[in-house]
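Inside the fold
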Amino acid sequence: IIIGIVLTIFYGFWYAFPLYLVALILLVGYLMIGTVQSASLLMQKQDIKGAKARLGLTFFPKLLFGPGRSAYYMLKGSFAMQDKDYSAASESFKESEKSKYTSDNEKAMILLQQANLAAMKNNFRQATSLVQKADELNVTESMIKDQIKQFKQALGKSGQMGMQNRMAMAQRGGTKQRRPKMR
């Protein structure tokens, strides 16, 4: 843009027009796509700090195109979970779920993340319902299918543990019979 302004001053608008056009295309691309793709690439390389910094360069997430907006909030929620800010993570995942452009695979990943949050808060009923919703989706990626199966098994085990704990409490004196007085 600066070079375009200089060319406009010295030679006229039409000499700088290609530079203005390229700048406009780059600006529109930034507003529609943001830095989500490059942040996710950094996250795949295990550069979490770099990915957070790159995602922070997206200043207008509401202007992002649908799938990009969904991925933005999903990454933001993942970073919040790593920082143990569970309320921000929950809000980000809900915002990501609202996107109408997400595929069933992405919806299943979002639901699994929300189920993970619910399980961390010991809300196993909500976690089970979220995993059930994820299981009902038409998931095509085998890795996500495996994660759903593993999560269902883990929730089943946690339910069995709760039942065993209740039975142990009943055996320890959870009944209402009085003990005889000691003499």
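**Some remarks on the packing of helix α3 (residues 36-44) against helix α5 (residues 66-82)**
- The N-to-C vectors of α3 and α5 enclose an angle of 40°; their axes lie 10 Å apart at closest approach. The orientation of α3 relative to α5 falls into the category oblique. In this structure, α3 crosses over α5, and the sense of that crossing is left-handed. Contact residues: V36, A39, S40 and M43 in α3; G68, A71, Y72, L75, S78, F79 and Q82 in α5.
- Of the residues contributing to the contact of α3 with α5, the split by class is 7 nonpolar, 4 polar and no charged.

**Concerning the nonpolar core**
- Among the nonpolar cores identified, the biggest contains 15 residues, and V131, I148 and F151 are the most heavily contacted of them.
- For this core, the secondary-structure elements that each account for two or more residues are α7 (104-120), α8 (124-136) and α9 (142-174).
- Take this core: its biggest share by element is 6 residues, from α7.
- Excluding its chain neighbours within four sequence positions, the residues that come into contact with F151 are L112, A115, N116, A119 and V131.
- Ranked by size, the runner-up nonpolar core spans 10 residues in total, among them A51, Y72, L75 and F79.

**A look at the side chain of S96**
- Examined against the element boundaries, S96 turns out to sit in helix α6 (residues 86-98).
- By relative accessible area, which is 0% here, S96 ends up buried.
- Those residues in contact with S96 that lie beyond four places of it in its chain are S70, Y73, M74, T102 and I110.

**A word on the packing of aromatic side chains**
- Across all of its chains, the model carries 6 aromatic pairs by this definition.
- Both rings, one in F13 and one in W14, keep their centres 5.2 Å apart while their planes meet at 75°; by these two values the pair is edge-to-face.
- Given the relative accessible area of 39%, F13 is considered partly exposed.
- On the numbers, 5.1 Å between centres and 80° between planes, the contact of Y72 with Y73 is edge-to-face.
- For Y72, a relative accessible area of 7% corresponds to the buried category.

**Focus on the layout of surface pockets**
- The space that makes up the largest pocket amounts to roughly 810 Å³.
- Surrounding the largest pocket, 28 residues form its lining, M74, L75, S78, M109 and Q113 being those nearest its centre.
- Mapped by element, the contributors of at least two residues to the lining of the largest pocket are α2 (13-33), α3, α5, α7 and α9.
- Top contributing element to the lining of the largest pocket by residue count: α5, with 8 residues.
- When the residues that make up the lining of the largest pocket are grouped by side-chain class, the tally is 14 nonpolar, 12 polar and 2 charged.

**With respect to the environment of S38**
- Of note, S38 is situated in helix α3.
- Sequence spacing of S38 and G50 is 12 residues, and the spatial spacing of their C-alpha atoms is 9.8 Å.
- Among the polar contacts listed, one links the side chain of S38 to the backbone oxygen of T35, at a separation of 3.1 Å.

What counts and what doesn't
- Residues take numbers from 1 onward in each chain, read along the sequence in its written order.
- For a predicted model such as this one, the threshold for reporting local features is a pLDDT of at least 70, and the threshold for listing and counting side-chain atom pairs is 80 or more; totals across whole chains, interfaces and linings nevertheless cover every residue.
- Side-chain figures throughout are based on the complete set of non-hydrogen atoms in the structure, without hydrogens or water.
- Axis angles are defined between N-to-C directions and span 0 to 180 degrees, where every axis is a line fitted to C-alpha atoms and, for a helix, only to the segment in contact.
- In this description a helix means any DSSP run of H or I spanning at least four residues, a strand means any run of E spanning at least two, and both kinds are numbered starting from the N terminus.
- In these notes the angle categories are as follows: under 35 degrees is roughly parallel, over 145 is roughly antiparallel, 65 to 115 is roughly perpendicular, and the rest is oblique.
- Helix crossings are classified by the rotation of the near helix relative to the far one: an anticlockwise turn of less than a right angle makes the crossing left-handed, while a clockwise turn makes it right-handed.
- Whether two residues are in contact is decided by their heavy atoms: any pair within 4.5 Å suffices.
- Ten residues, namely Ala, Val, Leu, Ile, Met, Phe, Trp, Tyr, Cys and Pro, are considered nonpolar, four, namely Asp, Glu, Lys and Arg, are considered charged, and the remaining ones, Gly among them, are considered polar.
- Remark: nonpolar core denotes a set of buried residues (Ala, Val, Leu, Ile, Met, Phe, Trp, Tyr, Cys) joined through side-chain atoms within 4.5 Å.
- The buried label applies to any residue whose accessible area, calculated with a 1.4 Å probe on protein chains only, is under 20% of its type's maximum; exposed applies above 50%, and partly exposed to all values in between.
- When two rings of Phe, Tyr or Trp (its six-membered ring) have centres within 6.5 Å they constitute a pair, described as stacked for plane angles under 30 degrees, edge-to-face for angles over 60, and tilted for the intermediate range.
- Points on a 1 Å grid over protein atoms alone make up a cavity when a 1.4 Å probe fits among them but cannot get out, and a pocket when they form an open set with protein on both sides within 12 Å along at least five of seven lines; lining residues each have an atom within 4 Å of a point.
- Grid points are joined across faces, edges and corners, and a volume is the space filled by probe spheres set on the points.
- Counting of polar contacts relies on pairs of N or O atoms within 3.5 Å, with two restrictions inside protein: one atom must be capable of donating a hydrogen and the other of accepting it, and residues adjacent in sequence are counted only when both atoms are side-chain atoms.

Note that all results are geometric; they support no functional claim without further evidence.
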